[in-house]
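Understanding the architecture of this molecule
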Amino acid sequence: MAGLRHLVLIGVLASGMVVALAAPCDASGQERWKTDFDRAVVPLDEIVSGGPPKDGIPAIDHPSFESVQDADDWLEDPEPVAVVRIGEGVKAYPLRILIWHEIVNDEVGGQPVAITFCPLCNTTLAFDRRFDGQLLDFGTTGRLRHSDLIMYDRQTETWWQQATGEGIIGEYAGEKLAFIPAPVLSWGDVKEQTPGAQVLSRDTGHRREYGRNPYEGYDRRRGPISVLFRGKEDDRLPAMERVVALQADRSSLAIPFSSLERERVVHVRFDERELVVFWAPGTSSALDAGRLWQGKDVGSSAVFEARLGDRDLHFKPARDGRFKDRETASVWNLAGEAIQGPLRGSRLDPVAHGNHFWFAWIAFKPETVIWSG
């Protein structure tokens, strides 16, 4: 299939060239856009071609699902899976599928959502597809800004920056999509903690070698691919350090995975809320080895409101990737559910966050404060 980004990267690196932002259509009339390119809130020279044309990396528009029991036949315990819970609905999206499609237009618990993954920035993010009184569905533009996926909605063809959820060109330039929590956990944790989840099936209507990593070795780079990145770098952290990225209207916070690996539990006050960040080992990188489940262990993070009802809770690490609150000694899992103790069955409210590479986050949020304990 033409236009897969990993194949294009090989050609880009060999030639040393990147195609700048294309006109709305070329001489043959291909790749027409109805986007209003005069309405832009970012410099157009920051946008480059990642190689594929419009929809060259095909979004999944009609996803099919299967049970955890059936999916366990082809998923391996360490591999990364994005999880979205809305109301009583829980769905799991293996990165072995997302890495080939980057966008899934779906609904969870009756709510329309878009699940997105940009491999070049390690950004797994979910959005509410309801916007301005209409239902949006998204595709890939084939363009990148600071290495990050630029999506477009098919209703207005506004271009949206995946890392920030911001409209950057077109009718909704300057507007912002609402984030939905979509933590990336290991398949082992998913099947244990959410056994009733629906799992995105490999029956996508496309032929792909799901499970093979088309970005093998990317994790081991010292920084982004220079011809695809025009942002400013920041050496406060290594470029490829994963961070828990939190954003609000006027502030941004990054918590390095290296700190989380040491602490396991971090309490922070952010956006006038008391939050707790959990980290546990056991999740493989999707961007390291040739097979996703063989990647190095980078662990998983989850962020929650640090209160239950009107009670503030304070947490500490427990054994086996679990956590314990100091107030009741209840034991909690990475999904934010109390599994033992007086609060058993209770759930913490999740908070949307990303696990961006540092270079990708700081390019969009240069005002970011780094948590240091």
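Please read all numbers here as calculations on a predicted model, not as lab measurements.

Criteria and thresholds
- Residues numbered from 1 in each chain as written.
- Predicted model: local features only at pLDDT ≥ 70, side-chain atom pairs only at ≥ 80, totals over all residues.
- Heavy atoms only, no water.
- Helix = DSSP H or I, 4+ residues; strand = E, 2+ residues; numbered from the N terminus.
- Rg over C-alpha atoms; globule rule 2.2 N^0.38 Å.
- Buried < 20%, exposed > 50% of the residue type's maximum accessible area, 1.4 Å probe, protein only.
- Contact = heavy atoms within 4.5 Å.
- Areas by Shrake-Rupley, 256 points an atom, 1.4 Å probe, with all protein chains shown as cover.
- Lys, Arg positive; Asp, Glu negative; His and termini not counted.
- Charge placed at Lys NZ, Arg CZ, Asp CG, Glu CD.
- Salt bridge = Lys/Arg side-chain N within 4 Å of Asp/Glu carboxyl O.

A few words now on the overall build of the protein chain. Along its length, the protein chain carries six helices and 28 strands. Scaling as 2.2 N^0.38, a compact globule of 373 residues should have a C-alpha radius of gyration of about 21 Å, and the protein chain matches this with 20 Å. Taken along its principal axes, the extent of the C-alpha atoms in the protein chain is 70 × 45 × 45 Å. Taking all 373 residues of the protein chain together, 58% fall into the buried category. Contacts spanning at least 24 positions in sequence make up 63% of the contacts within the protein chain whose residues lie at least 6 apart. Entry remark: accessible area of the protein chain is about 15600 Å², with carbon and sulfur atoms responsible for 44%. Between the mean site of the 43 positive side-chain charges and the mean site of the 55 negative ones, the protein chain shows a separation of 3 Å.

Our next topic: the pattern of salt bridges. This model, assessed by the stated rule, comprises 20 salt bridges. Residue D72 pairs with K191 through a salt bridge whose shortest N-O separation is 3.0 Å. Linking D72 in the loop between α2 (68-71) and β3 (80-86) with K191 in helix α4 (residues 187-193), this pair joins segments that are 119 residues apart in sequence. Residue classification places D72 among the partly exposed residues on the basis of a relative accessible area of 32%. Here the salt bridges do not stand alone but share partners, grouping D61, D137 and R154 into one network.

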